[in-house]
Amino acid sequence: MSAERREGKKLALNAIKRKHSEVIARITEQDPPPSSFYAFLKLTRKKYFNGYLDSIRVALETGDNTDFLGNETFQSYSHARNGYALKDVLNVPRSVRNAVTGVIEEMVENGEAQAGAALGAITLLDELLQDAELIRAQAYTQTRDEVIRFYHSYQEEIDKFPSNLAATLDFSTLMLSAVKKALELIGAGRCAFFSRDLMTNVLHLEASNFVHERVFSDSMLMLDDNLIEQLVHKRETVIVEGHPRSMPSISSIMRKMKSRAVLLVPLMVRDRNLGVMLLDNVERPEMFTPETVNLAVRFANKVAGAMENARLHGSEQQKIKETMALLEVSRLVTSTLDIEVLLSRLVQITADVCEVGKCTVYTCRGEENCYYPTATFGLFPDSEWETELREGVLSGDLVDEEAEVLLEQHQVVISDPRLCPFIPDDRIEETGIRSVLLVPVYVRDRVLGIMVLFYTKDRHEVESEDLNLVEAIVGQAAVALENASLYEDLEMSYFSTVKALARAIEVKDPYTYGHSEKVTEYSMAIARRMDLSEWDRRNIKYAAALHDIGKIGIARKVLNKPGALSEEEFLHVKTHPQLGDSIIEPVAFLQEPRLIILHHHERYDGKGYPDGLRGVEIPLGARILSVADSYEAMMSDRPYRKALPISEAIKELDINAGTQFDPEVVKAFLEVLRKGELPEIKEPAGQDVPSGSTGLRI
């Protein structure tokens, strides 16, 4: 490789890595790839181009563009299958090349790069991205040819009658296909399909082949009274010619379309009007002959049947989705008491089923009626302001009328985002939020929280089915919150009993006062460091608090003996794990901690008691408790010796790892000490961990 290419490669990589954000900023928002969520989640597009730049970087670094070009083939194939134009497919590498080249040229202007290196860098990028364009074009052309051949194979059947429209169950796909086929069959220049609001007779645009924003305000069409009579009540097809004064609404539309004649065909299913098909042809306003109208009516009837099938299928699929969501919610409520895990899953399910980009649950804490975000799914672009909500939202921040309906009447509120405290006014436009759904989480007239759903559609467009579903999910969430609270109260009551039993031991042995609390703290720190589950940590907490309860059965003179124990006395002391096991045997909720208590004096090498278990035969909780118990014993005064220095205690743990103690547990505990996760442990000035142990400094 020449020096110029080497310098060019170095500069290109430098621009992609060091100037990454500047490159991304140069790729305009109009550049592909498009995304159905793009208006709401701009991070989708940013993530795409970040990945694209990474793949270019890898190709430049390795000199192997196989994977990069393979990905180009796949993307082009996907875009072609999804109906994107060739210009959109090719615009991706072009946009990236322009952005990187622009950054390199700016670096030259600022004196950050030499012109020769810049030329080499641009040449390398041109070669790579020109290959990408070529691969994309070839793959696109091949795929589009396959699609065209596929449709041609069915052309004769489709031309006879649009029967396979009835098999299309995706409503959006159906409407777009119907527009395309109407133009082919009937020879019209423009076509639009509208669904009808059965209550108001307002027509909502579903699909068209022209820029409807210039014609229909808010994609809606208000029918004139005489058209409602003909299209809806009489179910007749109407040809509107000229701009009749008797039909001001449709005449206004025709003027905007610059059309002199339009054909309006009712979409009928079982004598019920679902909507209207609109056709025109500016070049041939005289085209609507009886034969053409008859063909349009036959086609419209087939489309109406397909629309009904698609709607029923969509409704059925939505019901299935909602039912599965509720089943999942019910399963979650009965399977976990971890409220953060539960709510995190609930907001995800709610966002998915209700098709919103963001859903958050705020729970009420304390007496000041302040609501704090506990779980959220989705995010807004540049959402640093959301961290301010961590301080809580007061009930007084809500509009008075909405607060009364929400917090006192316990009813759902659909709020204007400009009046809602959950999103700043200056961020509403960029997020695209047009309505906010507030749902109270309450049990027996007590509000526990608020579920907040952020919609990109107007309040009147929020489906009533959404409200019913969210209320059902929130009802389950309320039950779960109350259950978790009751369980926490019950557990605290149990644990208070446990601690009272443990204190009974310390009455006999004043030297061990506070021993159980410290062992519990050490054990829990190790369990957290080893990332044990909530359930395992609970069992270890109870076992640690009660591990020496069997010493109630050990003679006081033995426990408090200042000198060495005789063999007989030591055998007596060694019975305390079995005594503890027998004491807690009748207590149902302590059955799992019971095993930990029984085996906390086993040794990793199998020389412990009572059963001589070794290695992983010993319950993990017992192995953790063994380390915590031994460390606390070494760090406290006993009748037979003074407390050891921290360094000596750590040295003992380190020396006995693999014999008395599980080495992984020792490693975890030393990491706890090193990271200062036990704040009450202080190192005497200048005291180091001995060499040959772990090398830690406490």
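Residues numbered from 1 in each chain as written. Predicted model: local features only at pLDDT ≥ 70, side-chain atom pairs only at ≥ 80, totals over all residues. Heavy atoms only, no water.

**Concerning the sheet that holds strand β8 (residues 370–377)**
- Here 6 strands make up an open sheet; going across it, the order is β9-β8-β7-β12-β11-β10 and the pairing antiparallel. Since the sheet does not close on itself, it has two edges, and those belong to β9 (393–394) and β10 (413–415), each with one partner.
- Of the pairings in the sheet, the one linking strand β7 (residues 358–365) to strand β12 (residues 446–455) comprises 6 bridges and is antiparallel in character. Pairing of Thr363 across the sheet is with Gly449, part of β12.
- Of the strands in this sheet, β7, β8 and β12 touch helix α12 (residues 339–354), which is tilted by about 65 degrees from β8. (Pairing = 2+ DSSP bridges. Helix = DSSP H or I, 4+ residues; strand = E, 2+ residues; numbered from the N terminus. Contact = heavy atoms within 4.5 Å. Axes fitted to C-alpha atoms, helices over the stretch in contact; angles between N-to-C directions.)

**So, α12**
- Here α12 spans 22 Å end to end across 16 residues, near enough to the 22 Å set by a 1.5 Å rise per residue.
- Taken as a whole, α12 has its buried residues at Leu342, Leu343, Leu346, Val347, Ile349, Thr350, Ala351, Val353 and Cys354. (Expected span 1.5 Å × (residues − 1). Buried < 20%, exposed > 50% of the residue type's maximum accessible area, 1.4 Å probe, protein only.)

**Points about helix α13 (residues 400–408)**
- Those residues of α13 that sit buried are Glu402, Ala403, Leu406 and Leu407. Down the axis of α13, the buried set is contained in an arc of 100 degrees. They therefore lie on one face. More than 90 degrees from the buried face of α13, the exposed residues found are Asp400, Glu401 and Glu408.
- Contacts from the buried residues of α13 go to β8, β10, β11 (435–443) and β12.
- Count one or two residues on from α13 and you reach His410, which has phi positive near 60 degrees. (Arc of directions from axis to C-beta.)

**Observations concerning the packing of helix α16 (residues 515–529) against helix α22 (residues 620–634)**
- Their axes nearest at 9 Å, the elements α16 and α22 cross at an angle of 135 degrees. One finds that α16 runs oblique with respect to α22. For the pair α16 and α22, the crossing hand works out as right-handed. Contacts between α16 and α22 involve His515, Lys518, Val519, Tyr522, Ser523 and Ile526 on the former and, on the latter, Ile624, Leu625, Val627, Ala628, Asp629, Tyr631, Glu632 and Ala633. (Parallel < 35°, antiparallel > 145°, perpendicular 65-115°, else oblique. Left-handed = near helix turned anticlockwise from the far one by under 90°.)

**Quick word on the nonpolar core**
- Ranked by internal contacts, the top residues of the largest apolar core, which has 40 residues, are Ile526, Val627, Tyr631, Leu653 and Phe669.
- For this core, the secondary structure elements donating two or more residues are α16, α17 (534–546), α21 (591–598), α22, α23 (646–656) and α24 (663–674).
- Look past the residues within four positions of Leu653 in its chain and what remains in contact with it is Val627, Tyr631, Met634, Phe661, Val666 and Phe669.
- Core analysis: the second largest hydrophobic core is formed by 33 residues, Ile56, Ala59, Val96 and Ala132 among them. (Core = buried A, V, L, I, M, F, W, Y, C linked by side-chain atoms within 4.5 Å.)

**So, the pairing of strand β4 (residues 238–241)**
- A one-sided burial pattern is seen for β4, the buried positions being Val238 and Val240 and the unburied ones Ile239 and Glu241.
- Sheet topology note: the β4/strand β5 (residues 261–269) ladder contains 4 bridges and is antiparallel. Across the sheet, residue Val240 finds its bridge partner in β5, namely Val262.

**Some details on the packing of helix α1 (residues 3–18) against helix α5 (residues 86–109)**
- Where α1 meets α5, the closest approach of the two axes is 10 Å, and the angle between their N-to-C directions is 105 degrees. Comparing their axes, α5 and α1 come out roughly perpendicular. Contact residues: α1 offers Leu11, Asn14, Ala15, Ile16 and Arg18, while α5 offers Val100, Val103, Ile104 and Met107.
- Residue composition of the contact of α1 with α5, by class: 7 nonpolar, 1 polar and 1 charged. (Nonpolar A, V, L, I, M, F, W, Y, C, P; charged D, E, K, R; others polar.)

**Topic: the pattern of salt bridges**
- Here the structure, examined in full by the defined rule, presents 24 salt bridges.
- Put simply, Arg594 and Asp581 hold a salt bridge, and the shortest N to O gap is 2.5 Å. Placement of the pair is Arg594 in helix α21 and Asp581 in helix α20 (residues 576–584), with a sequence separation of 13 residues.
- Taking the relative accessible area as the measure of exposure, Asp581 reaches 15% and is therefore buried.
- Within this structure, Lys17, Asp54, Arg57 and Glu61 form a network of salt bridges that share partners. (Salt bridge = Lys/Arg side-chain N within 4 Å of Asp/Glu carboxyl O.)

**A few points about the state of the cysteines**
- All chains considered together, the criterion is met by 0 disulfides.
- Cys354 carries a free sulfur, and the closest cysteine sulfur to it, the one in Cys359, is 7.7 Å from it.
- Note on Cys370: no disulfide assigned, nearest cysteine sulfur contributed by Cys364 at a separation of 7.8 Å. (Disulfide = S-S within 2.5 Å.)

**Topic: the packing of aromatic side chains**
- Summed over all chains, the structure comprises 5 aromatic pairs.
- Both rings, one in Tyr362 and one in Phe422, keep their centres 4.6 Å apart while their planes meet at 50 degrees; by these two values the pair is tilted. In this pair, Tyr362 is assigned in strand β7 and Phe422 in the loop between β10 and α14 (428–431), connecting sequence segments 60 residues apart.
- Here the aromatic residues Tyr522, Tyr631 and Phe669 are joined through ring pairs into a cluster of three or more.
- The ring of Phe210 carries the charged tip of Arg190 above its face, separated from the ring centre by 5.8 Å. (Phe/Tyr/Trp six-rings, centres within 6.5 Å; stacked < 30°, edge-to-face > 60°. Lys NZ or Arg CZ within 6 Å of the ring centre and 35° of its normal.)

**Some points on the environment of Ala477**
- Mapped onto the elements of the fold, Ala477 is located in helix α15 (residues 464–508).
- For the pair Ala477 and Ile339, spaced 138 residues apart in sequence, the C-alpha to C-alpha distance is 9.1 Å.
- Discounting chain neighbours no more than four positions away, the residues touching Ala477 are Leu343, Leu346 and Val441.

**Side note on the side chain of Lys358**
- Among the structural elements, Lys358 can be located in strand β7.
- A polar contact is formed between the side chain of Lys358 and the backbone oxygen of Gly378, at a distance of 3.4 Å. (Polar contact = N/O pair within 3.5 Å; in protein donor to acceptor, adjacent residues only side chain to side chain.)

**Section: the confidence of the model for the protein**
- Within the protein, residue pLDDT values average 80, and 81% of them lie at 70 or more.
- pLDDT under 50 marks residues 35–41. Its contacts with residues more than four places away, or in other chains, come to 14 contacts.
- Contacts from residues 681–698, a stretch scored under 50 in pLDDT, to residues over four places away or in other chains number 38 contacts. (pLDDT = per-residue confidence, 0-100.)

**Observations regarding a negative patch on the surface**
- A surface patch of negative charge is lined by Asp400, Glu401, Glu404 and Glu408.
- Mapped onto the secondary structure, Glu408 falls in helix α13.
- The class for Glu408 is exposed, based on a relative accessible area of 60%. (Patch = residues over 30% accessible without salt bridge, like charges linked within 9 Å, V, L, I, M, F, W, Y side chains within 5 Å. Areas by Shrake-Rupley, 256 points an atom, 1.4 Å probe, with all protein chains shown as cover. Lys, Arg positive; Asp, Glu negative; His and termini not counted. Charge placed at Lys NZ, Arg CZ, Asp CG, Glu CD.)

**Observations regarding the environment of Glu184**
- Note that Glu184 resides in helix α8 (residues 171–186).
- Look at Glu184 and you get partly exposed, because its relative accessible area is 42%.
- Here Lys181 takes part through its side chain, which lies 2.9 Å from a polar atom of the side chain of Glu184.

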